[in-house]
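Residue-level listing of the chains:
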Amino acid sequence: MADQVPAPASGTPAPLRLHALAYSLGVTAAVTAAARLGLADAVGEEPVRPAELAAAVGADEEALVQLLRALVCHGVFWETEEGGYAHTELSRLLRTDAPASRKAMALLAGAPFAWRIWSRLDDAVRTGESVFPGLYGKPLFAHLHEDEPELGALFDRAMAKSGETSAVAVAAALDLAGTDTVADIGGGHGTLLRALLERHPALNGVLFDLEQVVAHADPVLREGGELAGRCRLVSGDCHIDVPVTADVYLLKGVVHMWNDATAVAALRTLVRKARPGARVVLVEQVLDATDNPEIATVMNLLMLVSQGGRERTAREFRTLLERAGLEFRSITATDSVVRLIEAVVPGAR
C-alpha cells in the first residue's frame, strides 16, 4: 500500500525530512544555549555585529555565528545584509524583561534532566510509566524541589509565566454567573485564581495545593494582600483528601500529569466532599480539538516520560470524568491552547 502522506510543497526529499526530524534536538539545544548565554538580552533595538555580541555574552565569535545561523533558520533573530543580528518576534520572547517571556521555559526544556529522560522515551513507551523515578530515585517534583532547588525554582517560574496568558483566557471563557466560591485545586501560586478574583469582584476563592507550594502563593492572595479577604489558602494532597467546599472546582494543567487510574482516584477523592451540583472544570489541551497538534502531541510524550501522564482526546476526557462518578457536560474553547472540560457532581435536585 502506498504511503498516504504527500510530500510537502517544498519538495524536500523524504530522507532529508526524516534527517531534520531526527536531529531536531539540535534546535532545542540552540534555543536553550541562546537563553543561557543571554543573547536576547544583549541585543537591543539596533542590529548588533557578531564581535560586539560575542564580547557582550562572553562567547567565541566564530562559534557564536554558528549558533546564530541555526537560530536565524528557525526565525529566532534575523541577519541583516551588513552581517548584524537583530530581534524577531521569537527572539524577543527570550528576553528576561519581555512581558510574555519564555526564557525560563527555554532553559527548562534544555535542562540536564530533560535530555536524560527524553533519551529513555522508548522505555516509557514499553512500560507506560515515567522513567524519572528510576533515574533519580523519586518523582519529578520531589527531585526538583528537594535535590535541585534552583532548578525547581526555574520550573516554578516557567510554569507561572506560561500560565499568565492562559489564565486571562480561562477567566474570560469561564461562566461564573451565580457562583459564590471557586476552588483552584493544584492551583500553584494562584495565577489563575487571582485572574478570576480580579475579574469577578463578588467572587470568593480557595487556593489548594501542597503546603510548600501554598506557602509561596501570590502575595495579593496571602494575608495582608489586596485579595486576601476573598481568598483562603488551604494546603493538602488531592490524592488523600480535598477538605474544600465550593461551587466550582478548577484543575488547570493537573490531570494531564496523571495516568487514567491516578486521575480517576484523585477526582473521586474530590467528589466525596463536593456538594451535588458542584461543577468540576478541567483546564487542559484536547488532542483532537487543538490547533497546534505539533505542540500537543509532543507534550503528550513529555507527560508520559516525565510523570507517566498524558494529554487526552474529548472522548477520553468524557470517559475519565464518568469513571470518576461525574456527569460530563461540555467542552469550551478559550483564546489559548487550553479548553474547559466541564462536569458536575451528580445528585442535585
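Structure: see above.
Residues numbered from 1 in each chain as written. Predicted model: local features only at pLDDT ≥ 70, side-chain atom pairs only at ≥ 80, totals over all residues. Heavy atoms only, no water.

(A) Representation of the pattern of salt bridges in the model. Applying the stated criterion across every chain yields a total of 19 salt bridges. Across the salt bridge formed by Asp122 and Arg126, the nearest N and O atoms sit 3.1 Å from each other. Of the two residues, Asp122 and Arg126 are both situated in helix 9 (residues 121–127); the distance of four residues between them amounts to about one turn of the helix. Note on Asp122: relative accessible area 41%, which makes it partly exposed. The class for Arg126 is exposed, based on a relative accessible area of 64%. Salt-bridge contacts for Lys161 lead to Glu164; the nearest nitrogen and oxygen are separated by 3.5 Å. (Salt bridge = Lys/Arg side-chain N within 4 Å of Asp/Glu carboxyl O. Helix = DSSP H or I, 4+ residues; strand = E, 2+ residues; numbered from the N terminus. Buried < 20%, exposed > 50% of the residue type's maximum accessible area, 1.4 Å probe, protein only.)

(B) Representation of the packing of helix 12 (residues 149–173) against helix 13 (residues 191–199) in the model. Closest axis-to-axis distance for the helix 12/helix 13 pair is 8 Å, and the angle between their directions is 35°. Handedness of the crossing formed by helix 12 with helix 13: right-handed. Judged by residue contacts, Ala160, Gly163, Glu164, Ala167, Val170, Ala171 and Ala172 of helix 12 engage Thr191, Leu192, Ala195, Leu196 and Arg199 from helix 13. Each residue belonging to the contact of helix 12 with helix 13 can be placed in one class, and the counts come to eight nonpolar, two polar and two charged. (Axes fitted to C-alpha atoms, helices over the stretch in contact; angles between N-to-C directions. Left-handed = near helix turned anticlockwise from the far one by under 90°. Contact = heavy atoms within 4.5 Å. Nonpolar A, V, L, I, M, F, W, Y, C, P; charged D, E, K, R; others polar.)

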